[in-house]
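For reference, the chains in residue letters:
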Amino acid sequence: MKLSGEKIMPILVQHRQIVLPGQLLAEGKDVEVKAQHTIYRIGDKYYSSVIGLTDVQNGKRLSVIALEGFYFPKIDDIVVGMIIDTGLTSWTVDIRSPYLAILHASDVLSKPFNPLKDNLRKHLDIGDLVLAKIIQFDRTRSPVLTVKGKGLGKITKGVIVEIIPSRVPRVIGRKGSMINMVKDETKCQITIGLNGRIWIIGPTPTHEEVAILAIKKIERETHISGLTDRVKAFIREELKKRGLAK
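For the structure given in this document, a descriptive report is provided here. (Residues numbered from 1 in each chain as written. Predicted model: local features only at pLDDT ≥ 70, side-chain atom pairs only at ≥ 80, totals over all residues. Heavy atoms only, no water.)

In this fold, K150 is placed in the loop between β12 (144-146) and β13 (153-154). Note: C-alpha distance between K150 and D138 (twelve residues apart in sequence) is 25 Å. (Helix = DSSP H or I, 4+ residues; strand = E, 2+ residues; numbered from the N terminus.)

Here it is in structure tokens:
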């Protein structure tokens, strides 16, 4: 029962609460919703469309971070793709999405390309990995990739770890806090593909192994508060076990 003068809060869930598909999250006209694909609206009521973790800011800004799911391509996203097929003028690339991506030969080769004489598999073969950017996508056709740009191209060293794509924001952390900590503690170069493939280059394979263990821990424990400190302590303990402590 509403008391006279009582203010009704539009958001009905707590910050960092786990919610289920169909769960009522908020109601009213004052709600500011982010991440539209994880929240749907009926009238003035907002519901979760996924199993996820809420992010409530200032009592009226609401988003839900999906804890499961696939990668949905967006223009300008950096992804790690795997070559799965070659055609006469392009490669087909798996980006861990319902949509297969296309990488055109003209984007990769610096010289004129003759599809009747040149074999694309000499340049990128099935199973090869590339760091690429999505430059075209409108849901009616396959995403188009480019490997032109600083740091983009064929991946020839290091290791790849895969996580659930929806956990990528937690691995990155607020303003990059989580991933920067992992980089500093493990001394590894880490490049995050927004499709859930993460490229790691360490000073030794053992450093890479510890970085992988840390990233998988973040993936498993996404919903736990104080995770940055927990992961930092975990990394230091794992390095100590291997004789690599600072």
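Glancing now at the side chain of S90. Note that S90 resides in strand β9 (residues 90-94). Ignoring any residue separated from it by four or fewer positions in sequence, one finds S90 in contact with I102, L103, H104, A105 and L120. (Contact = heavy atoms within 4.5 Å.)

A positive phi angle, close to 65°, is found at R16, a residue other than glycine. With respect to the element layout, R16 can be found in the segment before β1 (18-19). Unlike most non-glycine residues, R96 shows phi in positive territory, near 60°. Position of R96 relative to the elements: it lies in the loop between β9 and β10 (101-104).

With that out of the way, let us pick up helix α4 (residues 205-220). In a regular helix each residue adds 1.5 Å, so 16 residues correspond to 22 Å; α4 covers 23 Å between its end C-alpha atoms and thus fits that length. For α4, every residue scored as buried is listed here: H207, E208, V210, A211, A214, I215, K217, I218 and E219. Buried residues along α4 sit against β14 (159-162), α2 (168-172), α3 (177-186), β16 (197-201) and α5 (227-241). (Expected span 1.5 Å × (residues − 1). Buried < 20%, exposed > 50% of the residue type's maximum accessible area, 1.4 Å probe, protein only.)

With respect to the helices and strands, the residue E208 is situated in helix α4. An unpaired buried charge is present at E208: no salt bridge exists, and K157, the closest side chain of opposite charge, is 9.0 Å distant. Apart from residues lying up to four places away in sequence, E208 is in contact with G158, V159, C188, I200, I201 and G202. (Lys, Arg positive; Asp, Glu negative; His and termini not counted. Salt bridge = Lys/Arg side-chain N within 4 Å of Asp/Glu carboxyl O.)

On to the nonpolar core, then. V171, V182, I190, I198, I200, V231 and I235 are the most contacted members of the largest nonpolar core, which totals 22 residues. At the level of elements, α2, α3, β15 (189-192), β16, α4 and α5 are the ones that each hand at least two residues to this core. Setting aside chain neighbours within four positions, we find V182 in contact with K187, I190, A214, I218, V231 and I235. Grouped together as the second largest cluster of nonpolar side chains are 18 residues, Y71, L103, L120 and F137 included. (Core = buried A, V, L, I, M, F, W, Y, C linked by side-chain atoms within 4.5 Å.)

What follows is about the packing of α4 against α5. At their nearest, the axes of α4 and α5 sit 10 Å apart, and the two run at 150° to each other. Classed by the angle they form, the pair α4 and α5 counts as roughly antiparallel. When you trace α4 past α5, the crossing you get is right-handed. Contact residues: α4 offers H207, V210, L213, A214, K217 and I218, while α5 offers L227, R230, V231, F234, I235, E238 and L239. (Axes fitted to C-alpha atoms, helices over the stretch in contact; angles between N-to-C directions. Parallel < 35°, antiparallel > 145°, perpendicular 65-115°, else oblique. Left-handed = near helix turned anticlockwise from the far one by under 90°.)

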